[in-house]
Amino acid sequence: MRYFLTTLRHKWFVLLAGLKLGGIPLWRLLIHDWHKFTPAELPHYNRQFFGDKGDPEGFAMAWLNHQNHGKHHWEYWCTRSDHSKGGSGAVNGYLPMPETYVREMVADWMGAARTYGDSLNIQPWLNKNYHKMRLHSCTVDRLEMVLAEIGVTLPYTEPKLTLADIVEQLRSCQYTCEAGSLENNIMFQVLEEMVGCK
């Protein structure tokens, strides 16, 4: 029963945050997290947060069910197999989230911050958790836009460079080492051949 009441409180704060953000249909805000009240989730969440935590597998299944039914969770948009090929828009297994679900995701984070904390400030949580998220580049762009509306920024993460990116950067900056220019460096020529730049 305690988790039921906590979820109602969370839903209230998500509604307020969603109305503040805008761009989310009212009906989406009203049905937000409805599946947390189902037998597949409620008893497991209640036990995990207010009970003996004696069923970790049950909680894991409840969380997976929640992610699979909640389009406002970034995990919902991650494919689990190669079936994402063929014009689906998936990049590296990640589908782009429509803006309305990005907005609901941010409202969900704000609602959780207020339910389990004392403000709608999500910056500390985002700084701690953003690096775990797997997002399509279009989703990142949408997320940055929505966060900017509330004065929140994505934490800086080092760009992931490919070997081809590194070779191109070295070539474009005309790097030279003790042995001379890279154009005459045998190892650099091997790198260029490996990435197909030559």
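The notes below deal with the structure included here. (Residues numbered from 1 in each chain as written. Predicted model: local features only at pLDDT ≥ 70, side-chain atom pairs only at ≥ 80, totals over all residues. Heavy atoms only, no water.)

### Overview of a nonpolar patch on the surface
Our working definition: Patch building starts from residues that exceed 30% relative accessible area and form no salt bridge, then joins like charges within 9 Å and nonpolar side chains (Val, Leu, Ile, Met, Phe, Trp, Tyr) within 5 Å. Here, Shrake-Rupley sampling with a 1.4 Å probe gives the accessible areas, and only protein chains in the shown set may cover a residue. Here, a salt bridge means any side-chain nitrogen of Lys or Arg that lies within 4 Å of a carboxyl oxygen of Asp or Glu. Put simply, DSSP H or I for four residues or longer makes a helix, DSSP E for two residues or longer makes a strand, and each gets a number counted from the N terminus. Note on exposure labels: buried denotes an accessible area under 20% of the residue type's maximum, exposed denotes more than 50%, and partly exposed covers the range between, all computed with a 1.4 Å probe on protein chains only.
A grouping of L19, L26, W27, L30, I31 and W34 is seen on the molecular surface, where their side chains present a nonpolar patch of about 650 Å² in accessible area. With respect to the secondary-structure elements, W34 resides in the loop between α2 (26-31) and α3 (42-50). Since its relative accessible area comes to 46%, W34 is described here as partly exposed.

### A word on the packing of α3 against helix α4 (residues 56-69)
How we decide: A fitted line through C-alpha atoms represents every axis, and for helices the fit uses only the stretch in contact; the resulting angles, taken between N-to-C directions, go from 0 to 180 degrees. The cut-offs work like this: below 35 degrees is roughly parallel, past 145 is roughly antiparallel, 65 to 115 is roughly perpendicular, and the gaps in between are oblique. Crossing handedness follows the turn of the near helix against the far one: under a right angle anticlockwise gives a left-handed crossing, and clockwise gives a right-handed one. When checking whether two residues touch, look at their non-hydrogen atoms; a contact exists if any pair is within 4.5 Å. We call Asp, Glu, Lys and Arg charged. Ala, Val, Leu, Ile, Met, Phe, Trp, Tyr, Cys and Pro are nonpolar, and the rest, Gly among them, are polar.
Contact geometry for α3 and α4: axes closest at 9 Å, N-to-C directions at 120°. Classified by the angle their axes make, α3 and α4 are oblique. As α3 packs across α4, the resulting crossing turns out to be left-handed. For the pair formed by α3 and α4, the contact residues are H44, Y45, Q48 and F49 on the first element and G58, F59, A62, W63 and H66 on the second. Each residue belonging to the contact of α3 with α4 can be placed in one class, and the counts come to 5 nonpolar, 4 polar and no charged.

### Quick look at the environment of F59
Note that F59 resides in helix α4. If near-sequence neighbours (up to four positions away) are discounted, F59 is found in contact with H44, Y45, Q48 and F49.

### Concerning the nonpolar core
The line we're drawing: Here the nonpolar core consists of buried residues drawn from Ala, Val, Leu, Ile, Met, Phe, Trp, Tyr and Cys, with membership extended through side-chain atoms lying within 4.5 Å.
Formed by 28 residues in total, the largest nonpolar core has its most connected members in V106, W109, L126, Y130, L143 and L147. Only α1 (2-21), α5 (99-116) and α7 (137-149) provide two or more residues apiece to this core. The element best represented in this core is α5, accounting for 7 residues.

### Focus on unusual backbone geometry
Positive phi, close to 60°, is recorded for D33, a residue that is not glycine. Summarising the element assignment, D33 is placed in the loop between α2 and α3. D33 sits in the buried class, given a relative accessible area of 2%.

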